[in-house]
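For reference, the chains in residue letters:
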Amino acid sequence: MELLKRKIVEEGIVLSDQVLKVDSFLNHRIDPPLMLEIGRTFASLFRESAIDKIVTIESSGIAPAVMAGLELGVPVVFARKRKSLTLQTDLFTEKVYSFTKKEESEVSVATKFLSAGDRVLLIDDFLANGEAALAMARIVERAGGQVAGIGIVIEKSFQNGANKLTEKGYRVESLARIASLADGNVSFAE
Ligand code: 5GP
């Protein structure tokens, strides 16, 4: 997606050869017209996949997921990272090793928001080693649903998440694929 790539080049900050910071449009401040375009692109990629709902993880997956949900006309469920006082039982909980925080945490979704037979589109902001996407997939599958696709805003193709997910048979669509962050520069795949 050209608009997204341009935004990454203009505003992305390469923190190391492994980590890209995009807090000016995705991870802290959010650019709504860009999110709408991202939602439309995901919708056009997955329109034929008979999606029933979208699952993402708070907080940075929510904006692109909501726009995709709006375009596809389906609800969006976000996995929560902390169990709230009002949400303590009847949960599907899975462990995730966080690439950016370098620690294990848990994500949970209330069982009432997932149903057996659901065809689910998973959406996330970044794909690194695939841990977040795999945790979401385990939750959907424990509920008896099916992962119909995985939509990623920014894939770091030099890490092994995309391969891992594809090898498991999931369809992965990434809107920007980064081949390298070496020497402070963003290089895109293809
Ligand atoms: P994974 O679970 O695929 O290893 O990592 C994906 C998750 O880690 C995403 O949900 C995202 O929050 C975070 N993440 C991974 N790499 C980056 C990065 O380079 N920049 C930012 N901002 N977040 C990242």
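Residues numbered from 1 in each chain as written. Predicted model: local features only at pLDDT ≥ 70, side-chain atom pairs only at ≥ 80, totals over all residues. Heavy atoms only, no water.

A.B. asks: It is not clear to me how the nonpolar core should be interpreted in this structure. Could you clarify?
C.D. replies: Soluble globular proteins tend to bury their nonpolar side chains together. Counting 29 residues, the largest nonpolar core has Leu-4, Leu-20, Ile-38, Phe-42, Ile-54 and Ile-154 as the members making the most contacts within it. Those elements that place two or more of their residues in this core are α1 (2-11), α2 (32-46), α3 (62-72), β7 (119-127), β8 (146-156) and β9 (172-180). Counting residues per element, this core draws most heavily on α2, at six residues. Filtering out sequence-adjacent residues up to four positions away, Ile-38 remains in contact with Met-1, Leu-4, Pro-64, Val-153 and Leu-175. (Core = buried A, V, L, I, M, F, W, Y, C linked by side-chain atoms within 4.5 Å. Buried < 20%, exposed > 50% of the residue type's maximum accessible area, 1.4 Å probe, protein only. Helix = DSSP H or I, 4+ residues; strand = E, 2+ residues; numbered from the N terminus. Contact = heavy atoms within 4.5 Å.)

A.B. asks: I tried to follow the packing of aromatic side chains on my own but got confused; where do I start?
C.D. replies: In this description, a pair of aromatic rings is defined by centroid distance and the angle of the planes. Overall, the coordinates contain zero aromatic pairs when judged by the stated rule. Above the ring of Phe-188, the side-chain terminus of Lys-5 is found at 5.4 Å from the ring centroid. Residue placement shows Lys-102 over the ring face of Phe-99; its charged tip is 4.0 Å from the ring centre. (Phe/Tyr/Trp six-rings, centres within 6.5 Å; stacked < 30°, edge-to-face > 60°. Lys NZ or Arg CZ within 6 Å of the ring centre and 35° of its normal.)

A.B. asks: How do you make sense of the site of the ligand when you look at a structure like this?
C.D. replies: Around the ligand sit 16 residues in total, of which Leu-20, Asn-129, Gly-130, Ala-132 and Lys-156 are the nearest. For the ligand, an oxygen atom lies 3.2 Å from a polar atom in the side chain of Asp-125. At a separation of 2.8 Å, an oxygen atom of the ligand approaches a polar backbone atom of Ala-132. When residues of the shell around the ligand are traced back to their parent elements, those giving at least two are β7 and α4 (131-142). No other element matches the four residues that β7 contributes to the shell around the ligand. The class makeup of the residues in the shell around the ligand is seven nonpolar, five polar and four charged. (Near = heavy atom within 4 Å. Polar contact = N/O pair within 3.5 Å; in protein donor to acceptor, adjacent residues only side chain to side chain. Nonpolar A, V, L, I, M, F, W, Y, C, P; charged D, E, K, R; others polar.)

A.B. asks: For this particular structure, what's the right way to read α1?
C.D. replies: For the α-helix, the turn length of 3.6 residues means that residues three or four positions removed from each other point alike. Along α1, the residues that are buried comprise Leu-4, Lys-5, Lys-7 and Ile-8. Within α1, the buried residues cover an arc of 160° as seen down the axis, which keeps them to one side. When the buried face of α1 is taken as reference, the exposed residues oriented beyond 90 degrees from it are Glu-2, Val-9 and Glu-10. On the buried face of α1, the contacting elements are β2 (20-21), α2, β8, β9 and β10 (187-188). (Arc of directions from axis to C-beta.)

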